[in-house]
Amino acid sequence: MRLAVFASGNGSNFSAIQEAILSKELSADIACVICDQKDAGIYQRAKDAGIPIYYFDIKTFSSKKEYEKAIIAQLDKEMVELIILAGYMRIVGSTLLEAFPKRILNIHPSYLPAFPGKQGIRDAFEAGVDQTGVTIHIVDEGVDSGPILAQEKLPILSTDSLATLEAKIHGIEHRLYSKTIQDYINQLKTRRTYDTSIN
Ligand code: GRF
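Every chain is numbered on its own, with residues counted from 1 as its sequence reads. Only residues with pLDDT of 70 or above have their local features reported here, since the model is predicted, and side-chain atom pairs are shown and tallied only from 80 upward, although totals for entire chains, interfaces and linings are computed over all residues. Based on all heavy atoms of the structure, the side-chain values leave hydrogens and waters out of the count.

Under an unreviewed UniProt entry, the name given to the protein chain is Phosphoribosylglycinamide formyltransferase, and the source organism is Granulicatella seriolae. UniProt positions are given in the numbering used here, feature names are shortened, and annotations may be inferred rather than shown by experiment. What UniProt records for the protein chain under Sequence similarities (unreviewed entry) is the sentence "Belongs to the GART family." Its UniProt record gives the protein chain a comment under Function (unreviewed entry), which states: "Catalyzes the transfer of a formyl group from 10-formyltetrahydrofolate to 5-phospho-ribosyl-glycinamide (GAR), producing 5-phospho-ribosyl-N-formylglycinamide (FGAR) and tetrahydrofolate."

We now examine unusual backbone geometry. Omega for the bond connecting Leu112 with Pro113 falls within 30 degrees of zero, at 15 degrees, which places this linkage in the cis form. A helix here means a DSSP run of H or I that spans at least four residues, while a strand means a run of E at least two residues long, and both kinds are numbered starting from the N terminus. For Pro113, the location among the structural elements is in the loop between strand S5 (104–108) and helix H5 (120–127). Although it is not a glycine, Met79 sits at a positive phi angle of roughly 55 degrees. Accessibility here uses a 1.4 Å probe with only protein chains present; expressed as a share of the type maximum, an area under 20% marks a residue as buried, one over 50% as exposed, and anything in between as partly exposed. Under the relative-accessibility criterion, Met79 is labelled exposed at 55%. With a phi close to 55 degrees, Asp144 is a non-glycine residue in the positive phi region.

What follows is about helix H3 (residues 64–77). Counting along an α-helix, one turn takes 3.6 residues, and residues three or four places apart therefore face a common direction. Taking 1.5 Å per residue, 14 residues should reach 20 Å; H3 reaches 20 Å between its end C-alpha atoms and fits that length. Residues Tyr67, Glu68, Ile71, Ile72, Gln74 and Leu75 constitute the buried set of H3. Seen from one end, H3 has its buried residues packed into an arc of 160 degrees, which puts them on one side. The contact definition used throughout considers only heavy atoms, calling two residues in contact when any of these lie within 4.5 Å. Those residues of H3 hidden inside the fold are in contact with strand S1 (2–7), strand S2 (29–35), strand S3 (53–55), strand S4 (82–85) and helix H4 (94–99). Met79 lies just past H3 and shows a positive phi near 55 degrees. Between the first and last residue of a helix there are one fewer steps than residues, each counted as 1.5 Å, and that sum is the expected span. The directions considered for the arc are those from the helix axis to the C-beta atoms.

Looking now at the UniProt feature "binding site: N(1)-(5-phospho-beta-D-ribosyl)glycinamide" (unreviewed entry) in the protein chain. UniProt feature "binding site: N(1)-(5-phospho-beta-D-ribosyl)glycinamide" (unreviewed entry): in the numbering of this structure it lies at Gly11, Ser12 and Asn13. Checked against the element boundaries, Gly11 lands in the loop between S1 and helix H1 (12–22). Judged by its relative accessible area of 10%, Gly11 is buried. Here Ser12 shows up in helix H1. In contact with Ser12, not counting residues within four places along its chain, are Arg45 and His174.

Per the UniProt record, the feature "binding site: (6R)-10-formyltetrahydrofolate" (unreviewed entry) sits at Lys64, Met89, Arg90, Ile91, Val92 and Asn106. Within the secondary structure layout, Lys64 lies in helix H3. Position of Arg90 relative to the elements: it lies in the loop between S4 and H4. Ignoring sequence-local partners within four residues, the contact set of Arg90 consists of Asp36, Gln37, Ile58, Lys64 and Tyr67.

On to the pattern of salt bridges, then. Each reported salt bridge corresponds to a side-chain nitrogen of Lys or Arg within 4 Å of a carboxyl oxygen of Asp or Glu. As enumerated under the stated definition, the model contains eight salt bridges in all. A salt bridge links Asp57 to Lys59; its shortest N-O distance comes to 3.6 Å. We classify Asp57 as buried; its relative accessible area is 17%. The class of Lys59 is exposed, set by a relative accessible area of 71%. Lys179 is the partner of Asp183 in a salt bridge, and the nearest nitrogen-oxygen pair spans 3.0 Å. Remark: Lys179 and Asp183 occur in helix H6 (residues 162–190); sequence separation between them is four residues, near one turn of the helix. Accessibility expressed as a relative area gives 38% for Asp183, which makes it partly exposed.

An ideal rise of 1.5 Å per residue puts 42 Å on 29 residues; H6 measures up with 41 Å between its terminal C-alpha atoms. A residue's bend is the angle separating two fitted axes: one through the seven residues that end there, the other through the seven that start there. Along H6, the sharpest change in direction is near 25 degrees and occurs at Leu176.

Structural data, given as structure tokens:
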């Protein structure tokens, strides 16, 4: 299964997925990385891993539709079958969703539906709740909505700082995303072709 990882930032989830592939825990290949931020840390990570990374600046396109059409053209060249959002800080538009129906996964650093949005870890920490978590879901037209594939809870301890909480969340993410991607690939492969809900 040929994956494209979409990222806007640090890229630690990209690295965890790539490590899972190298250790054969995940049977897939990262065909390319798509990035919308020029100075993102993901650049060096992709370079070090020898994986092509393509930068798309939405400001240079006349519309989001044109931006996504350009990305789709690149994904087609790379024969991408499944898109993995990993810190892609942009809402996926209908053009991309229609080109990859039920083929876009996202990871979110909270136990959805609690704390959607850009700052899931900080929002949970500042709300003073006693637990949060990680969610992996299929992307639909909403923000951090869509069918949930996997979730894991994490207690927030009175001794936690925002930094320790972030580290624990990322630790869960790095383990859970690869496993869930593998489960989803298995599910895609075992679906009968007349089941149109996924294929
Ligand atoms: C992760 O916390 C992920 O849940 C969220 O963005 C962050 C990306 O981290 N969507 P990284 O760039 O993979 O290190």
